[in-house]
Amino acid sequence: MDSPFQQYLGQELRCIDTEIDQLQRQLDLLQEKRSGIHDFAEQHRALLSPVRKLTRDIVEEIFIACLPEDRNPYMSAMEAPVLLTRICSSWRRITLSTPRIWSAIYIALPDIIRGEYPVPNHLSMEEELVIQH
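Residues numbered from 1 in each chain as written. Predicted model: local features only at pLDDT ≥ 70, side-chain atom pairs only at ≥ 80, totals over all residues. Heavy atoms only, no water.

Section: the confidence of the model for the protein chain
Inclusion rule: For every residue, the predictor assigns a confidence score, pLDDT, that lies between 0 and 100. It only takes one pair of heavy atoms within 4.5 Å for two residues to be counted as in contact.
Scored by pLDDT, the protein chain comes out at a mean of 84, with 82% of its residues at no less than 70. Ignoring residues within four places in sequence, the model shows residues 123–133, a span with pLDDT below 50, making 6 contacts including any to other chains.

Put into structure tokens, the structure is as follows:
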């Protein structure tokens, strides 16, 4: 049989253990909430990017500087200007609405349009002239 003092100490320890359990649950909830906010902030970090603070005319000049200097740019998804339209909707809008970017672009024509292949027999003379010119 326990003494009243031992019973008292046992009861106090159980109360403290219960309080620790409650605090641990609160701590777990707070850590989970903090983790969620941290993950949300990381996912939206791009919104805070310094490039978003640049004015449109500066961005246009940067995009123009991305164009090759030794030749006209190709219509290729692997290089500017087409590549710039694939980054985000904002860059697409800026790129597509900046005439200087598109003023000297190389567009490869299919061989049939350049007249290097014979026109198929089923086309009329008028269609043949349109294709050759």
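Structural notes on the nonpolar core
Our working rule: The nonpolar core is taken to be a set of buried Ala, Val, Leu, Ile, Met, Phe, Trp, Tyr and Cys residues, with the residues joined through side-chain atoms within 4.5 Å. Per-residue accessibility, obtained with a 1.4 Å probe over protein chains only, is compared with the maximum for each type, and a residue is labelled buried under 20%, exposed over 50%, and partly exposed between these values.
Counting 8 residues, the largest nonpolar core consists of Val-59, Phe-63, Ile-64, Leu-67, Ala-80, Leu-84, Ile-94 and Ile-101. Beyond its immediate chain neighbours, meaning those up to four positions away, Leu-84 contacts Phe-63, Trp-91, Arg-92 and Thr-95.

Thoughts on the side chain of Thr-98
Selection rule: Numbering goes from the N terminus for both helices and strands, where a helix is a DSSP run of H or I of at least four residues and a strand is a run of E of at least two.
Tracing the chain through its elements places Thr-98 in the loop between helix 3 (89–96) and helix 4 (99–102). The buried category is assigned to Thr-98, whose relative accessible area is 5%. Setting aside residues no more than four positions away along its own chain, Thr-98 makes contact with Arg-56, Glu-60 and Ile-64.

Overview of the layout of surface pockets
To find leftover empty space, a probe the size of one water molecule is rolled over the atoms. As a reminder of what qualifies: Any residue with an atom within 4 Å of a point lines the site, the site being either a cavity, points on a 1 Å grid over the protein atoms alone where a 1.4 Å probe fits but cannot get out, or a pocket, an open set with protein on both sides within 12 Å along at least 5 of 7 lines. Grid points are joined across faces, edges and corners, and a volume is the space filled by probe spheres set on the points. Each residue gets one label: Ala, Val, Leu, Ile, Met, Phe, Trp, Tyr, Cys and Pro are nonpolar, Asp, Glu, Lys and Arg are charged, and the others, such as Gly, are polar.
The calculated volume of the largest pocket comes to roughly 190 Å³. Listed by contribution, the elements that provide at least two residues to the lining of the largest pocket are helix 2 (56–65) and helix 3. It is helix 3 that provides the largest number of residues to the lining of the largest pocket, a total of 3 residues. Taken together, the residues of the lining of the largest pocket break down into 7 nonpolar, 3 polar and 2 charged.

Some words on the packing of aromatic side chains
Here is the rule: In this scheme Phe, Tyr and Trp rings, the latter by its six-membered ring, pair at centre separations within 6.5 Å, and the angle between planes marks the pair as stacked below 30 degrees, edge-to-face above 60, and tilted otherwise.
Applying the stated criterion across every chain, the model contains 2 aromatic pairs. Relative to Tyr-106, the ring of Tyr-74 has its centre 5.3 Å away and its plane inclined at 85°; by these criteria the two rings are edge-to-face. With Tyr-74 in the loop between helix 2 and helix 3 and Tyr-106 in the loop between helix 4 and helix 5 (111–114), this residue pair connects regions lying 32 residues apart in the sequence. Given a relative accessible area of 37%, Tyr-74 falls into the partly exposed group. The exposure class of Tyr-106 is partly exposed, given its relative accessible area of 39%.

Observations regarding the pattern of salt bridges
The test is simple: A carboxyl oxygen of Asp or Glu within 4 Å of a side-chain nitrogen of Lys or Arg is what we treat as a salt bridge.
Evaluation of the coordinates by the stated rule reveals 4 salt bridges. Two residues, Arg-45 and Glu-42, come together in a salt bridge whose shortest N-O distance is 3.3 Å. The exposed category is assigned to Arg-45, whose relative accessible area is 54%. According to the relative accessible area criterion, Glu-42 is partly exposed, its value standing at 39%. With a shortest N-O distance of 2.9 Å, Arg-71 and Glu-79 are connected by a salt bridge.

Thoughts on the packing of helix 2 against helix 3
Selection criterion: Every angle, taken between N-to-C directions, lies between 0 and 180 degrees, and every axis is a line fitted to C-alpha atoms, over only the stretch in contact when it is a helix. By the definition adopted for this analysis, an angle is roughly parallel if under 35 degrees, roughly antiparallel if over 145, roughly perpendicular if from 65 to 115, and oblique otherwise.
The interhelical angle for the contact between helix 2 and helix 3, taken along N-to-C directions, is 75°, at an axis separation of 10 Å. In terms of their interaxial angle, helix 2 and helix 3 are classed as roughly perpendicular. Here Arg-56, Val-59, Glu-60 and Phe-63 of helix 2 come into contact with helix 3, specifically with Trp-91, Arg-93, Ile-94 and Thr-95. Taken together, the residues of the contact of helix 2 with helix 3 sort by class into 4 nonpolar, 1 polar and 3 charged.

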